[in-house]
Amino acid sequence: MSMQQLKSEFDLTLNHLYPSTEISNFFYLLTSALFGLTKVDIALNRDFKPSSSQLKSFNEATERLKHFEPIQYIIGTTHFFGYDFKVDHNVLIPRPETEELVEWIIKNHPNNEHLTIVDIGTGSGCIAIALKKHFKSCNVYALDISKKALNIAELNARNNNTHIQFLEIDILNHQKSQAVFSQIAQNKTIDIIVSNPPYVRYQEQKDMQRNVLDHEPALALYVDNHKPLVFYDAICRIARQWLNKNGALYFEINEYLGLETKQLFQQYNFGDVELKKDFFGAHRMICGQKK
Ligand SMILES: C[S@@+](CC[C@H](N)C(=O)[O-])C[C@H]1O[C@@H](n2cnc3c(N)ncnc32)[C@H](O)[C@@H]1O
């Protein structure tokens with residue numbers, strides 16, 4: 001089968017499920033991942049014919065797209081902050097708004113190479129690794145409840161040539177969290193705590209797409225409708241205790257809960273609290289300073 005035929009069949013199979021530009025993106029991501037061909041290679045190399053095993057993998061990937069599985073899980077990688085990250089069903093696919101959070105931290109701490117940073121709920125490790133890439137001499141600790149997520153994050157740290165310390169934690173278990181933080185604080189005092197914790201209320205699922213609902217890990221996403229800030233509360237409490245004086249706490253937040261999150265910061269007596277809008281104008285980040 002020629003590449004032109006393959007592309008026509010692919011378009012035909014998916015055109016009732018996705019917009020045409022997305023189908024075209026999927027096609028080139030798959031041909032790159034499975035055949036090692038760029039878009040330009042395909043345009044120049046019109047006679048290329050995939051082998052039967054390549055074709056089999058391509059058809060399996062198409063089938064997975066029919067079930068709205070995210071392309072990043074199918075090809076097993078994504079980009080974040082200019083770096084490559086392995087992803088599988090145990091980790092959330094890093095989002096562009098999280099890149100904005102990393103950018104904000106970098107902007108707020110110029111000339112601060114020797115920071116100690118703790119990322120809570122690290123998932124793929126994207127925040128921790130992007131920060132370590134920028135602040136080359138900082139100490140970064142990355143924590144998660146999921147061993148499987150920590151394994152992926154460790155692999156990503158290795159692939160991106162970064163040294164990060166990974167620790168298992170249940171941030172909602174106060175006693176166990178105390179043990180982890182006293183271990184970190186034995187070596188270093190903490191300058192920055194950052195987290196993109198679960199914040200989607202179950203009631204918001206009705207507005208979500210199937211690719212997220214059916215395929216991304218529930219553990220990474222959802223919180224009880226009646227306790228939407230449960231993670232923020234636990235992390236503020238920990239940060240209040242373990243951050244340095246003038247240390248900073250950063251969160252990605254639920255865009256509908258900006259004011260409530262700000263009030264929580266004030267309850268815990270954080271100063272200089274700032275809510276920040278993302279590229280689309282939604283309140284998606286917050287930062288405060290331990291007084
Ligand atoms: C929204 S994801 C964020 C992943 C990654 N930091 C990012 O920004 O893409 C939340 C992460 O919190 C972790 N998590 C969930 N419950 C937790 C808990 N009780 N303690 C620590 N981490 C938890 C999940 O495993 C998941 O990796």
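Above this text you will find the structure in question.
Rules and cut-offs
- Residues numbered from 1 in each chain as written.
- Predicted model: local features only at pLDDT ≥ 70, side-chain atom pairs only at ≥ 80, totals over all residues.
- Heavy atoms only, no water.
- 1 Å grid on protein atoms, 1.4 Å probe; cavity = no way out; pocket = protein on both sides within 12 Å on 5 of 7 lines; lining within 4 Å.
- Points joined across faces, edges and corners; volume = space filled by probe spheres on them.
- Helix = DSSP H or I, 4+ residues; strand = E, 2+ residues; numbered from the N terminus.
- Nonpolar A, V, L, I, M, F, W, Y, C, P; charged D, E, K, R; others polar.
- Domains from an automatic or database assignment.
- Near = heavy atom within 4 Å.
- Polar contact = N/O pair within 3.5 Å; in protein donor to acceptor, adjacent residues only side chain to side chain.
- Areas by Shrake-Rupley, 256 points an atom, 1.4 Å probe, with all protein chains shown as cover.
- Phe/Tyr/Trp six-rings, centres within 6.5 Å; stacked < 30°, edge-to-face > 60°.
- Buried < 20%, exposed > 50% of the residue type's maximum accessible area, 1.4 Å probe, protein only.
- Disulfide = S-S within 2.5 Å.
- Salt bridge = Lys/Arg side-chain N within 4 Å of Asp/Glu carboxyl O.

Draft legend 1. A look at the layout of surface pockets. Considered as a void within the structure, the largest pocket measures approximately 1300 Å³ in volume. Along the wall of the largest pocket there are 39 residues; nearest its centre are Arg 95, Glu 97, Gln 209, Val 212 and Glu 216. Residue assignment for the lining of the largest pocket shows that the elements contributing at least two residues are α2 (20-35), α5 (71-75), β1 (77-80), α6 (96-108), α10 (210-215) and α11 (218-221). Each residue belonging to the lining of the largest pocket can be placed in one class, and the counts come to 19 nonpolar, eight polar and twelve charged. No fewer than three residues from each of domain 1 (3-66) and domain 2 (91-290) sit in the lining of the largest pocket.

Draft legend 2. Structural context of the site of the ligand. Surveying the vicinity of the ligand reveals 21 residues, the closest of which are Gly 121, Asp 144, Asp 170, Asn 196 and Ala 220. Contacts to the ligand include Gly 123, whose backbone N or O atom sits 3.4 Å from an oxygen atom. Asp 144 places a side-chain nitrogen or oxygen 2.7 Å from an oxygen atom of the ligand. Taken by itself the ligand offers 600 Å² of open surface, and the protein chains cover 97% of this.

Draft legend 3. The packing of aromatic side chains, seen in detail. Using the criterion set out here, one finds 17 aromatic pairs in the structure. With centroids separated by 4.9 Å and ring planes inclined at 90 degrees, the aromatic side chains of Tyr 18 and Phe 26 adopt a geometry described as edge-to-face. Given a relative accessible area of 12%, Tyr 18 falls into the buried group. On the basis of an interplanar angle of 80 degrees and a centroid distance of 5.7 Å, the ring pair of Phe 251 and Phe 265 is categorised as edge-to-face. Here Phe 251, found in strand β9 (residues 243-252), pairs with Phe 265, found in helix α13 (residues 258-267); they are 14 residues apart in sequence, far enough to count as distant.

Draft legend 4. Examining the state of the cysteines more closely. Going through the model one piece at a time under the given rule, you end up with zero disulfides. Free of any disulfide, Cys 138 has its nearest cysteine sulfur in Cys 126, 15 Å distant. No disulfide involves Cys 287; its nearest neighbouring cysteine sulfur is the one of Cys 236, lying 12 Å away. By relative accessible area, Cys 287 is classed as buried at 9%.

Draft legend 5. Region of the structure containing the pattern of salt bridges. Throughout the structure, instances matching the rule amount to eleven salt bridges. Across the salt bridge formed by Lys 7 and Asp 11, the nearest N and O atoms sit 3.6 Å from each other. Residue Lys 7 and its partner Asp 11 are located together in helix α1 (residues 3-14), separated by four residues, close to a single helical turn. Arg 201 is the partner of Glu 204 in a salt bridge, and the nearest nitrogen-oxygen pair spans 2.6 Å. A relative accessible area of 13% means that Glu 204 is categorised as buried. Shared partners join several salt bridges into a network, and the residues in it are Glu 97, Glu 252 and Arg 284.

Shape descriptors only; they carry no functional weight alone.
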